[in-house]
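Remarks on the overall topology
What follows is the residue order along each chain.
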Amino acid sequence: MTNPEKGRLVVVSNRVGPLTDEGKAGGLAVGLADALKRRGGLWFGWSGETSPEGTHSPEKTEVFGGTALTTIDMTAEELDGFYHGYANRSLWPLLHYRLDLVQFDRQSDRIYRSVNQRFAARLAPLVNEHDLVWVHDYHFFYMGSELRQSGFKGRLGFFLHIPFAPPEILSALPAARDLVRSMLAYDLIGFQTAQDRRNFANFCVHELGGEKLPGDRIRVGGRVVQAAVFPIGIDAEGFSRFAVSPEAGEHEEMLRDLARGRLQIVGVDRLDYSKGLVERLLGFERLLEDYPENRGAVNFLQIAPLSRSELDAYIDLRAELEGLAGRLNGRFATLDWTPIQIMTTGFTRRALAGIYRAARVCMVTPLRDGMNLVAKEFVAAQDPDDPGVLILSRFAGARAELQDALIVNPYATDEMARALQRALTMPLDERQRRHEKMRAKVFGGTAAHWCESFIAALESAEIDAGWSEDLAAADPLAPA
Ligand code: ADQ
């Protein structure tokens, strides 16, 4: 089933799969599923269920060809402390530079570490030192050091999908030094952008007394790790095929019919405070104030599926957005025109591709975002002969590659309104020129490419034997 010479790929992430349903899978799942299929492997994570046994529950395994999907449960308490608590109330806002929303408590810190330890303990017997283990995202910062402590000697990689905040912000986390030190158990640490990587390196230097070495390497105490940039992409070919599927066509047509000749602006984001939804609506309101010719001539559709809706910050955000949309509609609506519509529905990927294609403008205005795949999907879905315009926040990771979007500061409402006006009136030849350049970027840096380059770098990373449990003792700046 597997190739023992090359070693299997072992992927660890909070949620696993799908491996088979390409209609549901996002770019990440498609990219990883391809890599898993090619070399055989294991995808390990949470089952999505709680049970009294939690992380002691029996494994559930599904096998597809040479790949196994193996999951375990969590108890309700583990889920609360690990996922809702530390991951989403502490780390998510902190790493998105939102100290105002961060909540720290030692109970969830303790549970987060113990869930990382439990997942490592369950994974350890399933892997051997020839395997490449690739851990994903902010749920599992401690997984690498826990795996090392359980005796794993093979290659270990980590990729952070969200931003890595600068040391001035990260150091507010009571356990910041522990967390970053534990990351040194990985041989290769991947980030979305050069800025994230720089922030990590600066933490190692200024908070842990480390030193930057030539190439992508960083030394802390006796340990050398590689930290590099791997911007994530989408399955560009697949997504552009979705955009011309019958299901996409139906959605495109429906939206065009509803717009009745008006230009369509869309936004597609999980309902999350990092996505700049409030700022986007304020920008749209300013457009209607400052450029009144757009009243009755444009429609704004915001698709915002609910996420983490049990957390207070998300409940507050939803209320604020609904209030704002109500005010805006109340202010500008006429008998035959409602300026803004907000939907929390989930769509299939084909339907979404059709919606992007019907839009003249897509607004992607996060206040901070690791990459933002919506921006890339929008580009891939366009008709090259008559493409829409992308308005992109300077704070999205995607900005590094998509320089030909209209780049905005989402906090600057006037600038947002001006960018909208420019996008709505942009001549066809300029739209085509900008789109062509962005399309080359999106098709040149796909999910498959991201996956292959990370794996190749992990395979060739210099393995340094310097990691030890008491790396902390080698920290010259550690408080007494
Ligand atoms: P997210 O914060 O989830 O991802 P993003 O990259 O934009 O952000 O991906 C969202 C995905 O959800 C897109 O593929 C989009 O099509 C899909 N989606 C959104 N609304 C939908 C709806 N109503 N129906 C169906 N699908 C919908 C995190 C980081 C990002 C990083 C990615 C990948 O926060 O910065 O780009 O991981 O690394």
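Preceding this section is the structure that the text describes.
A brief report on the enclosed structure follows. Within every chain, residues take consecutive numbers counted from 1 along the sequence as written. Residues qualify for local features only when their pLDDT is at least 70, as the model is predicted, and side-chain atom pairs are given and counted only at 80 or more; totals for whole chains, interfaces and linings, by contrast, use all residues. Water and hydrogen atoms were dropped before computing side-chain values, which therefore reflect all heavy atoms in the structure.

Structural notes on empty space enclosed by the protein
As defined here, a cavity is a set of points on a 1 Å grid over the protein atoms alone where a 1.4 Å probe fits but cannot get out. A pocket is an open set with protein on both sides within 12 Å along at least five of seven lines, and residues line them when an atom is within 4 Å of a point. Grid points are joined across faces, edges and corners, and a volume is the space filled by probe spheres set on the points. As enumerated under the stated definition, the model contains three cavities of 30 Å³ or more in all. As a volume, the second largest cavity reaches approximately 50 Å³. Surrounding the second largest cavity, Leu271, Leu306, Arg318, Leu321, Glu322, Ile342 and Thr344 form its lining. A total of three residues in the lining of the second largest cavity trace back to one element, the largest contributor, which is helix α11 (residues 312-332). Of the residues assigned to the lining of the second largest cavity, the class counts are four nonpolar, one polar and two charged. Labels follow the DSSP assignment, with helices taken as runs of H or I lasting at least four residues and strands as runs of E lasting at least two, numbered in each case from the N terminus. Basically, the charged four are Asp, Glu, Lys and Arg, the nonpolar ten are Ala, Val, Leu, Ile, Met, Phe, Trp, Tyr, Cys and Pro, and anything else, Gly included, counts as polar.

Some details on the packing of helix α13 (residues 373-381) against helix α15 (residues 428-444)
The axes used here are C-alpha line fits, helices contributing only the stretch in contact, and every angle between their N-to-C directions lies in the interval 0 to 180 degrees. Running from amino to carboxyl end, α13 crosses α15 at an angle of 115°, the nearest separation of the two axes being 9 Å. The handedness of the crossing between α13 and α15 is left-handed. In contact with Lys376, Val379 and Ala380 of α13, α15 contributes His435, Met438, Arg439, Val442 and Phe443. When grouped by side-chain class, the residues that make up the contact of α13 with α15 number five nonpolar, one polar and two charged. Left-handed is the label given to a crossing in which the near helix is rotated counterclockwise from the far helix by less than a right angle, and right-handed is the label when the rotation is clockwise. Throughout, a contact is declared for two residues whenever any of their heavy atoms are within 4.5 Å.

A few points about the sheet that holds strand β10 (residues 223-229)
Taken together, the ten strands give an open sheet; going across it, the order is β3-β4-β2-β1-β5-β6-β7-β10-β9-β8, and neighbouring strands pair in mixed fashion. Where the open sheet ends on each side, the last strands, each with one partner, are β3 (60-64) and β8 (211-212). The pairing of β3 with strand β4 (residues 67-74) spans five bridges and is antiparallel. Each bridged residue has a counterpart across the sheet, and for glutamate 62 the counterpart in β4 is leucine 69. In this analysis, strands are considered paired if DSSP registers two or more bridges between them.

Here we look at the sheet that holds strand β15 (residues 389-393)
Paired through backbone hydrogen bonds, the strands of a sheet run either parallel or antiparallel to each other. In space, the six strands of this open sheet follow the order β13-β12-β11-β14-β15-β16, with parallel pairing throughout. Of all strands in the sheet, those with a lone pairing partner are β13 (340-343) and β16 (406-408), marking the two edges. Within the sheet, the average angular offset between the axes of one strand and its neighbour, ignoring direction, is 20°. Where strand β11 (residues 263-268) and strand β14 (residues 361-364) come together, two bridges link them in parallel fashion.

Details of α13
The element α13 is largely enclosed, with a buried count of eight among its nine residues. Only protein chains enter the accessibility calculation, which uses a 1.4 Å probe; a residue whose area is less than 20% of its type maximum is buried, one above 50% is exposed, and one in between is partly exposed. Turning to α13, its buried residues number three or more, namely Val374, Ala375, Lys376, Glu377, Phe378, Val379, Ala380 and Ala381. At its buried positions, α13 is contacted by α8 (236-242), β11, α12 (349-358), β14, β15 and α15. The backbone nitrogen of valine 374 has a side-chain oxygen 3.0 Å away, supplied by the residue at the start of α13, namely asparagine 372. Side-chain atoms alone can form a polar contact between residues adjacent in sequence; in general such a contact is a pair of N or O atoms within 3.5 Å, and within protein one must be able to donate a hydrogen while the other accepts it.

With respect to the packing of helix α9 (residues 246-259) against α12
Direction vectors running N to C along α9 and α12 enclose 40°, while the axes themselves pass 7 Å from each other. Accordingly, the angle class assigned to the pair α9 and α12 is oblique. Viewed along their axes, α9 and α12 form a crossing whose handedness is right-handed. Between α9 and α12, the contacting residues are Glu247, Ala248, His251, Glu252, Leu255 and Arg256 on the first element and Arg350, Ala351, Ala353, Gly354, Ile355, Arg357 and Ala358 on the second. Any angle that is under 35 degrees is reported as roughly parallel, and any over 145 degrees as roughly antiparallel; angles of 65 to 115 degrees are reported as roughly perpendicular and all others as oblique.

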